[in-house]
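Descriptive analysis of the structure
Listed below, chain by chain, are the residues.
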Amino acid sequence: MGFDLKARLAERQAASLYRRRPLLQSPQGPQVIVDGQPLLAFSSNDYLGLANHPEVVAAWRAGAERWGVGGGASHLVIGHSGPHHELELALAELTGRPRALLFTTGYMANLGAITALVGQGDTVLQDRLNHASLLDAGLLSGARFSRYLHNDAQSLASRLAKAQGNTLVVTDGVFSMDGDVANLPALARAAQAQGAWLMVDDAHGFGTLGRSGGGVAEHFGLGIDALPVLVGTLGKAFGTAGAFVAGSEELIETLIQFARPYIYTTSQPPALACATLKSLELVRAEHWRRQHLAALIAQFRTGARRIGLQLLDSPTPIQPIVLGDAARALQLSQWLRERGVMVGAIRPPTVPAGSARLRVTLTASHTAEQVDHLLVLLAEGYASLEPTHA
Ligand SMILES: Cc1ncc(COP(=O)(O)O)c(C=O)c1O
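Notes on the structure in this doc start here.

What counts, and where the lines are drawn
Residues numbered from 1 in each chain as written. Predicted model: local features only at pLDDT ≥ 70, side-chain atom pairs only at ≥ 80, totals over all residues. Heavy atoms only, no water. Phe/Tyr/Trp six-rings, centres within 6.5 Å; stacked < 30°, edge-to-face > 60°. Helix = DSSP H or I, 4+ residues; strand = E, 2+ residues; numbered from the N terminus. Lys NZ or Arg CZ within 6 Å of the ring centre and 35° of its normal. Buried < 20%, exposed > 50% of the residue type's maximum accessible area, 1.4 Å probe, protein only. Pairing = 2+ DSSP bridges.

Before going further, it helps to spend a moment on the packing of aromatic side chains. For the coordinates displayed, the defined rule picks out two aromatic pairs. Measuring from ring centre to ring centre gives 5.2 Å for Phe 206 and Phe 244, while their planes differ by 65°; the resulting arrangement is edge-to-face. Placement of Phe 206 in the loop between strand S7 (197-201) and helix H9 (215-220) and of Phe 244 in strand S9 (residues 243-247) is noted, with a sequence separation of 38 residues between them. Cation over ring: Arg 66 sits above Trp 67, and NZ or CZ is 4.4 Å from the ring centre. A cation sits over an aromatic face here: Arg 339 above Trp 335, 3.7 Å from the ring centre.

To continue, consider the pairing of strand S8 (residues 229-233). Here S8 lies mainly inside the structure; five of its five residues are buried. Burial of S8 is two-sided: the residues Val 229, Val 231 and Thr 233 facing one way and the residues Leu 230 and Gly 232 facing the other way are all buried. Inspection of the sheet shows S7 paired to S8 by three bridges, in the parallel sense. Within S8, the residue paired with Val 200 across the bridge is Leu 230. With four bridges joining them, S8 and S9 adopt antiparallel strand pairing. Across the sheet, Val 231 pairs through a bridge with Val 245, a residue of S9.

Treat this as a map of the structure, not an account of what it does.
And the structure:
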């Protein structure tokens, strides 16, 4: 009787699925110190290299001096301060939507938007590789929940034909563990044909895709009719923290009334919004960051193909190397780490069984020489892997 946590943990360990937290002892950047060891890291979602940018840090400091540190209360009480409001206006402008609403995290934005929009008697349809926060929100909403085949508008259309009530189609914009880009024009057409709404979580596309970093919506030129619910997060390319939902006046007012993860939580520190305002400025103005990143992505893909690595169809900074078995992914990650390079092993349940991988992420702060170094080690490390028995 009782909770046998020891057995549960031992089982996870035996399946090579045990998680450990690397202890970061330096700021984000390509050269880090982890657990006392200097490493060249290809593991961060700080895609544009803004998490430790001096101007963003200075904006944070100035924000704290002007506004203090804590948000103090929820937005609906007395926690909605000037910088939050200004940031919402700037995010609405970036996305070309009438309004945007700031959330404390992306997880909460997804939970808030989905549960506010659909409930019992409605339908939520999701890509089977969607981020956990979207899947959790779908379950929590109480709506009928079905997953369509990955990035497959036909599979979506067949589910749409059977949908009941208000129907929300939900997809990652850039898939977080695969790096591929959702086929939004086709998904939007399928949704619109059935009067369903499309919601895109563009956590990994904002900042990196689109001429001004406006993400997949800008990349495909999708306006509010095709894409009524647009979610972005601020902890990745923007280098800070938090998230937002952008859309119509009515959508945002609906979320303010009904999105529980918006209503029942303290607002993020206003100084954080000051920092994000600065990083937003850099995201929009400094095109060279996206250009440099694109060059590194091309360099990595060409080099990886040359050494026979199996890549996914990803034009983004997320470049996974699928190894199949969790133990192999751990083995290669460990091998690299012993040689001073950090690339995280991603295993089930984060990815489907049999598709464990190394998730290489490139950032605008990496140099071409660092990417070459990674490729040289990957060639050697991959060749040294024991063959799969599966
Ligand atoms: C696709 C996607 N959506 C949402 C989130 C959650 O965002 P946050 O870290 O701000 O909670 C993440 C990762 O963190 C993500 O990869």
